[in-house]
Amino acid sequence: MTELRGVGIGLGVAQGPVARMAEPAPAPSDAPSALTAGEETARVTDAVTAVARELEERGAAAGGAAQEVLEAQAMMAEDPTLADEVNTRLAQGKTGEWAVFDAFASFRNQLSAMGGYLGERAADLDDVAQRVIARLRGVAAPGVPDPGYPFVLVAKDLAPADTALLDLDKVLALITTDGGPTSHTAILAREKSIVAIVGATGATGLREGEMVIVDAAAGVVTTEPTTEELDRAQNRAADRAAAASAPITDGALADGTPVPLLANLGNPEGAAEAVALGAEGVGLFRTEFLFLSSSQAPTIEQQRESYTKLLSAFPGKKVVVRVLDAGADKPLAFLNDAHEENPALGLRGIRALRASEDILREQLTALAEADAATEADLWVMAPMVATVEESRYFVDIARDYGIKTAGVMVEVPSSALLADRILADADFASIGTNDLTQYTLAADRLLGSVATFQDPWHPAVLRLIREVGEAGRINGKPVGICGEAAADPLLAVVLVGLGATSLSMAPTAIADVRATLLEHTIDQARAIADAALAADGAASARFAAQQAANR
Ligand code: PEP
Ligand code: MG
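On a predicted model such as this, the values are computed, not experimentally measured, just so you know.

Conventions adopted
- Residues numbered from 1 in each chain as written.
- Chains lettered and ligands numbered in written order.
- Predicted model: local features only at pLDDT ≥ 70, side-chain atom pairs only at ≥ 80, totals over all residues.
- Heavy atoms only, no water.
- Core = buried A, V, L, I, M, F, W, Y, C linked by side-chain atoms within 4.5 Å.
- Buried < 20%, exposed > 50% of the residue type's maximum accessible area, 1.4 Å probe, protein only.
- Helix = DSSP H or I, 4+ residues; strand = E, 2+ residues; numbered from the N terminus.
- Contact = heavy atoms within 4.5 Å.
- Phe/Tyr/Trp six-rings, centres within 6.5 Å; stacked < 30°, edge-to-face > 60°.
- Lys NZ or Arg CZ within 6 Å of the ring centre and 35° of its normal.
- Pairing = 2+ DSSP bridges.
- Axes fitted to C-alpha atoms, helices over the stretch in contact; angles between N-to-C directions.
- Donors = N, O, S within 2.8 Å, 3.2 Å for Na, K, Ca; no water.
- Salt bridge = Lys/Arg side-chain N within 4 Å of Asp/Glu carboxyl O.
- Near = heavy atom within 4 Å.
- Polar contact = N/O pair within 3.5 Å; in protein donor to acceptor, adjacent residues only side chain to side chain.
- Areas by Shrake-Rupley, 256 points an atom, 1.4 Å probe, with all protein chains shown as cover.
- Expected span 1.5 Å × (residues − 1).
- Patch = residues over 30% accessible without salt bridge, like charges linked within 9 Å, V, L, I, M, F, W, Y side chains within 5 Å.
- Lys, Arg positive; Asp, Glu negative; His and termini not counted.
- Charge placed at Lys NZ, Arg CZ, Asp CG, Glu CD.
- UniProt positions renumbered as here; feature names shortened; annotations may be inferred.

Visitor: Even after reading the chapter, I still don't get the nonpolar core, so can you show me in this structure?
Guide: Across soluble globular proteins, nonpolar side chains have a tendency to be buried as a group. Among the nonpolar cores identified, the biggest contains 94 residues, and Phe-394, Leu-503 and Leu-517 are the most heavily contacted of them. Among the elements that make up this core, the one with the highest residue count is helix α19 (residues 489-497) (seven residues). Aside from chain neighbours lying at most four places away, what touches Phe-394 is Val-323, Ile-350, Leu-360, Leu-364, Val-380, Met-381, Ala-382, Ala-406 and Gly-407. Of all hydrophobic cores here, the second largest spans 29 residues; its members include Ala-77, Leu-90, Leu-136 and Leu-188.

Have a look at this one:
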């Protein structure tokens, strides 16, 4: 048995034989074309149009987030700037295949260099180029294999067009060697609840037909599994299926201690599904996701409309909205215009908003108006707060706009360490474990090469969380968790043991977390947390917690 590591998407586990996606077709040669430039232009225009229409049709068949992604790809195919670049190459006497290959590649490299969300769109552009070139060559576009039995699909990265139409009866799980947690493969796998591990660089060595276990919760692919390992994985998959169909109840521990289970959302469109999956409200609404592609700040009206839609879906329930968290992995053109060597350590989150205070004031105006028009219990928080002074600044300005409950995210170690002073004034804290882990372990959360450091089980992170939990208890203020850590069922128990009073996560994770919380009392949760805190590292903390939980 050997193990390959990557970034797990969701908490599922699956097993099956590997089927590999065909490698992309070889690059075209740059020899001169036998056709005239006019003839080549006509061929390319036809191929581009056909590919764009096909992507739109696939989008319409898939619906949901997949449709948006495929329509964005269709627009990339017909982008006029790209067409100009292709035409320049055709005018030099090149073939259509080479002109498309070279022009798309130069755009791809520009996108990749931007990193983060935009960098991860590079795979989408590659896929468009491959489709156009296949059409020019008169061959089938690269796609998902069909070995004739259910399989674990292994690919470099999946194009949205392929992920959107995956036959879920045949594809048991996905493994990609490229891509990070914000790639489209990851986003769509999450939406469709496909067991997936992305960025598993070692998966290039997996052989066609070999049996593997894909454990997304652990981010591990097990090759040559033993019969016991296969049985254990099978039982876990059955337990998950049972948890998913268990009746929806409010989140609570075995002794009845309530632990509200809330949803992380980036768009009001996700609200109905979150409610259906049992979300008791929203613990993190990422407002910047609404405006990632905008070049200008959104108007008050645009914002009011989105926030009203969101709040209307949760009458009488708590909805925590985060003001724009621009920078690093979520750059917004209208807030982050200066080049920074280390954007994660730059003018981001509340710092960027403070530097453009009008944008913050407009957002608070829109939120207060949406609040007045709806019945939800609106809480508003600031991202990336690093000092007590920043916390006071935000709480004061939010109160000036009539926001009744104003708090801060604890994502920077300094604010965890001074949480007692922050919570003397702020109404609540919400711990963002993704960034808190990144800053505690000094490991870029988007970088595959340091992904093993990005583990919220690390006792250094747990100690900081304990500080915040304790500060909440002393000040009588709620402390939520809204990073990915809350979606890990056993870690969720630990977080409650450390003093978290609510947990917010991707809605698809709620059923698993609910089931695991119900297995432990508050005293047991504290004992499990103590066991994890006493460990030296992330893996041993997880192991110690497992042992304590099974006692
Ligand atoms: C976090 O950092 O944990 C968090 C919830 O915020 P985001 O992932 O949007 O940075
Ligand atoms: Mg964050």
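This is not the end of the story, as more comes after the structure.
Visitor: Which parts of the structure should I look at to understand the packing of aromatic side chains?
Guide: When we look at a pair of aromatic rings, we describe it by the centre distance and by the angle of the planes. As enumerated under the stated definition, the model contains one aromatic pair in all. Relative to Phe-428, the ring of Trp-379 lies with its centre 4.8 Å away and its plane at 50°, an arrangement referred to as tilted. A residue pair is termed long-range when its members are at least 10 positions apart, and Trp-379 in strand β12 (residues 377-382) and Phe-428 in the loop between α16 (419-425) and β14 (429-431) qualify at 49 residues. One cation-aromatic arrangement involves Lys-94 over Trp-98; the distance from NZ or CZ to the ring centre is 5.2 Å. Against the face of Tyr-393 rests Arg-354, its NZ or CZ located 3.9 Å from the ring centre.

Visitor: Would you take a moment to explain the sheet that holds strand β2 (residues 7-9) for this structure?
Guide: By way of backbone hydrogen bonds, the strands of a sheet pair with one another, either parallel or antiparallel. Taken in spatial order, the eight strands make up an open sheet running β1-β8-β7-β3-β4-β5-β6-β2, and their pairing is mixed. Strands with a single pairing partner mark the edges of an open sheet, and in this sheet they are β1 (2-5) and β2. Between one strand axis and the next, the sheet turns by 30° as a mean value, whatever way the strands run. Relative to strand β5 (residues 171-176), strand β4 (residues 151-155) is paired through five bridges, and the arrangement is parallel. Bridging from a neighbouring strand, Val-152 pairs with Ala-173 of β5. Against the sheet, helix α9 (residues 227-245) touches β3 (13-20), β7 (211-215) and β8 (220-223), its axis set at about 115° to β3.

Visitor: I keep staring at the coordination of the magnesium ion (ligand 2) and nothing clicks. Help me out?
Guide: Octahedral metal centres with six donors ideally show angles of 90 or 180 degrees, and tetrahedral centres with four donors ideally show 109.5 degrees. Around the magnesium ion (ligand 2), the protein supplies Glu-411 (OE) and Asp-435 (OD) as donor atoms, at distances of 2.0 Å. Taken together, the positions of Glu-411 in the loop between β13 (405-410) and α15 (413-417) and Asp-435 in helix α17 (residues 433-441) put the pair 24 residues apart, joining distant regions of the chain. Side by side, Glu-411 and Asp-435 carry an identical accessibility label, which is buried.

Visitor: Whenever I open this one, the sheet that holds strand β11 (residues 318-322) confuses me. Can you help?
Guide: The eight strands lie next to each other as β9-β10-β11-β12-β13-β14-β15-β16, forming a closed barrel whose pairing is parallel. Each adjacent strand pair in this sheet contributes to an overall mean axis angle of 25°, direction not counted. Where β14 meets strand β15 (residues 479-481), three bridges bridge the pair, whose relative direction is parallel. Along β15, the bridge assignment pairs Ala-429 with Val-479. Seen against the sheet, helix α14 (residues 388-400) touches β12 and β13 and runs at an angle of roughly 155° to β13. Together, β9 (261-265) and β16 (502-505) form the strand contacts of helix α20 (residues 510-517), whose direction differs from that of β9 by roughly 155°.

Visitor: Explain the pattern of salt bridges here, please?
Guide: Two side chains of opposite charge can pair, provided their charged atoms sit close to one another. For the structure shown, the criterion picks out 35 salt bridges. Residue Arg-322 is joined to Glu-288 by a salt bridge in which the shortest nitrogen-to-oxygen separation is 2.5 Å. You can see Arg-322 sitting in strand β11 and its partner Glu-288 sitting in the loop between β10 (281-286) and α11 (300-312), a full 34 residues away along the chain. Take Arg-322: its relative accessible area is 2%, and that puts it in the buried class. In this structure, Arg-361 and Glu-357 form a salt bridge, with 2.9 Å as the shortest nitrogen-oxygen distance. Residue Arg-361 and its partner Glu-357 are located together in helix α13 (residues 357-373), separated by four residues, close to a single helical turn. Using a relative accessible area of 29% as the deciding quantity, one classes Arg-361 as partly exposed. By relative accessible area, which is 25% here, Glu-357 ends up partly exposed.

Visitor: Hey, could you run me through the site of ligand 1 in this one?
Guide: Near ligand 1, the surroundings consist of 14 residues, among which Arg-286, Arg-322, Lys-330, Asn-434 and Arg-445 are the closest. The contact in question runs from an oxygen atom of ligand 1 to an N or O atom on the backbone of Gly-432, over 3.4 Å. A distance of 3.0 Å is found between an oxygen atom of ligand 1 and a side-chain nitrogen or oxygen belonging to Asp-435. Protein chains shield 99% of the accessible area of ligand 1, which is 290 Å² for the free molecule. Elements that contribute at least two residues to the shell around ligand 1 include exactly β10 and α17. With three residues, α17 is the largest single contributor of residues to the shell around ligand 1.

Visitor: Would you take a moment to explain helix α4 (residues 96-114) for this structure?
Guide: Turn by turn, an α-helix covers 3.6 residues, leaving residues three or four places apart pointing in a common direction. Taking 1.5 Å as the rise per residue, α4 with 19 residues should run 27 Å; its terminal C-alpha atoms sit 28 Å apart, in good agreement. By the burial criterion, the buried members of α4 are Gly-96, Glu-97, Trp-98, Ala-99, Val-100, Ala-103, Phe-104 and Leu-111.

Visitor: I keep staring at a negative patch on the surface and nothing clicks. Help me out?
Guide: Among the surface-exposed residues, Glu-68, Glu-71, Glu-191 and Glu-273 lie close enough to one another that they form a single negatively charged patch. You can see Glu-71 is positioned in helix α2 (residues 64-77).

Visitor: I keep staring at the UniProt feature "binding site: Mg(2+)" (unreviewed entry) in the chain and nothing clicks. Help me out?
Guide: In the UniProt entry, the feature "binding site: Mg(2+)" (unreviewed entry) is given for Glu-411 and Asp-435. Taking the farthest pair of C-alpha atoms as the criterion, the annotated set spanning 25 residues converges on one region, since that pair is 5.2 Å apart. Among all residues touching Glu-411, those that are not within four sequence positions of it are Arg-322, Pro-383, Met-384, Gly-432, Asp-435, Leu-436 and Tyr-439. From its side chain, Glu-411 meets the backbone nitrogen of Met-384 in a polar contact 2.8 Å long. In this view, Asp-435 contacts Arg-348, Met-384, Glu-411 and Arg-445; residues no more than four positions away in its chain are not counted. Reaching out from Asp-435, the side chain makes a polar contact with the side chain of Gln-438 at a distance of 2.9 Å.

Visitor: Even after reading the chapter, I still don't get the pairing of β12, so can you show me in this structure?
Guide: Regular strands place their side chains on alternate faces of the sheet. Most of β12 is tucked away, with five of its six residues classed as buried. Note that β11 and β12 share five bridges and pair parallel. Across the sheet, residue Val-319 finds its bridge partner in β12, namely Leu-378. Note: β12 against β13, four bridges, orientation parallel. When the sheet's bridge partners are listed, Ala-382 is paired in β13 with Val-408.

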